[in-house]
Amino acid sequence: MRQHLLRAVLASAIAAVPVFVTTQAPPGGPQISASARELHMRAIVVDTHDDTTQRLIFDKAFDIGARNPKGNIDIPRMREGGLDALFFSIWVPSDVTGPPAVKRAMDQIDAVREAARTHPNDLLLATTAADIRRATAEHKIAALMGMEGGHMIDDDLRLLRDYAALGVRYLTLTHFKNNNWADSSTDKPAHNGLTAFGKDVVRELNRLGMMVDISHVADKTFYDALAVSTAPVIASHSSCRAIANHPRNMTDEMLRALAKNGGVAMINYHAGFLSEEFRVASEKKNGNVVAAMEAMSKKCGGNEACTTMEGERVDHEAMMKGDLPKVTWEKIVEHIDHAVKVAGIDHVGLGSDFDGATMPLGMEDASKLPKITDALLKKGYAPADVDKILGGNILRVMEAVERAARR
């Protein structure tokens, strides 16, 4: 793994003399240039959204410490892909509310903490940017938590404080449906953005040092959150609406507003958010994202890990048969590039949605992440700018949120 001296030497070498020879990847992995592999393995690579938590809960045979033939995430493949920090999503469907939602959220928090406790040589439970840097220095992967859906606080700021105390470090204000205090991007508006209580939630997040996450929210909710927050906000897993016209994605105007706020948009890898052609064909074939998820959830008997993995399997088979347009990993780079051109290099990062969505072909798991670094270098991105996208930008935002909380 990485060593501090090696990091310094490689950083200087990469900046001074680009290398364009191709190196062999691990068996089955991508072939990338030596300069890309060196840069990627030196950088602190952070992914702000991952749904492997559902596998920890529902799949009793799943061992995150072992290489798995299914899914996108486990420790061996994270190490192969140079992934240094991962935000495990604490997620409960929007139609599960009240005490049942709280119970399921607490079970997931416990599962993530147990994964770190039972794999102490590989995972380090992290809550700050400094923790991520410490984990990297100790050759471990930082395990963080983000809560995907404000309905899990059960309209109670005391519960939000409990989640923060347990290590949750961002709150996605809504999921696919409205909650009692915020409108979602995929539901009929009910509150004209944030209610008075919703604005109190944003203020409390600022006070607690938790990041405000605007992925999934309605456009009006987005602008309300920016108006209230005294710290930079994030989109933990959202792509660009100019390329794929899904309401979950961000418009160019939203990207510019997020940049002005000092925040960061973390690009989502889901095929339906990357490709307009795939989105239109998929909705025509299977209904919209919400309906498709609900139908698959019923088929899987409420096993959310099954819901996602079965959905990805069906989508990939349809792509290979020609029933759906093929979406390849290069679309991720297209969205990154567009977001950089609109928002600026300091405001873009990676939020894969691994184990929670249909990955594009060629980005089947975390071991493929160096492809992104290689592609950005080939597009002419400077190594220092690639470093920002891989993790530097979100680390900056985390530090800014932590400072705002101390004030």
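Residues numbered from 1 in each chain as written. Predicted model: local features only at pLDDT ≥ 70, side-chain atom pairs only at ≥ 80, totals over all residues. Heavy atoms only, no water.

Chemist: Explanation requested: the environment of A142 in the structure shown.
Modeler: Position of A142 relative to the elements: it lies in strand β6 (residues 141–148). Residue class for A142 comes out buried when judged on its relative accessible area of 0%. Through-space distance from the C-alpha of A142 to that of D131 is 7.3 Å; in sequence the pair is eleven residues apart. Leave out the neighbours within four places in its chain, and A142 touches D84, A85, L86, L124, A126, I132 and A135. (Helix = DSSP H or I, 4+ residues; strand = E, 2+ residues; numbered from the N terminus. Buried < 20%, exposed > 50% of the residue type's maximum accessible area, 1.4 Å probe, protein only. Contact = heavy atoms within 4.5 Å.)

Chemist: Help me understand the environment of R117, please; the structure alone is not making it clear to me.
Modeler: Position of R117 relative to the elements: it lies in helix α5 (residues 98–118). For the pair R117 and M266, spaced 149 residues apart in sequence, the C-alpha to C-alpha distance is 28 Å. For R117, the side chain forms a polar contact with the side chain of E114, separated by 2.7 Å. (Polar contact = N/O pair within 3.5 Å; in protein donor to acceptor, adjacent residues only side chain to side chain.)

Chemist: Would you explain the packing of aromatic side chains in this entry?
Modeler: The relative placement of two aromatic rings is captured by the distance of their centres and the angle of their planes. Counted under the stated rule, the structure contains four aromatic pairs. Considering the side-chain rings of F87 and Y170, the 5.5 Å spacing of their centres and the 35° angle between planes classify their relative orientation as tilted. Of this pair, F87 sits in strand β4 (residues 85–91) while Y170 sits in strand β7 (residues 168–172), placing them 83 residues apart in sequence. In this structure Y170 comes out as buried when scored by relative accessible area, which is 0%. Taken together, a centroid distance of 6.1 Å and an interplanar angle of 75° make the contact between W181 and F197 edge-to-face. Remark: F197 occurs in helix α8 (residues 196–208) and W181 occurs in the loop between β7 and α8; sequence separation between them is 16 residues. (Phe/Tyr/Trp six-rings, centres within 6.5 Å; stacked < 30°, edge-to-face > 60°.)

Chemist: For this particular structure, what's the right way to read the state of the cysteines?
Modeler: Where two cysteines share a covalent bond between their sulfur atoms, that bond is called a disulfide. Considering all chains together, one arrives at one disulfide under this definition. Covalently, C300 is tied to C306 through a disulfide, its sulfur atoms 2.1 Å apart. The S-S bond linking C300 to C306 shows a torsion near -65°; that makes this disulfide left-handed. The class of C300 is buried, set by a relative accessible area of 13%. (Disulfide = S-S within 2.5 Å.)

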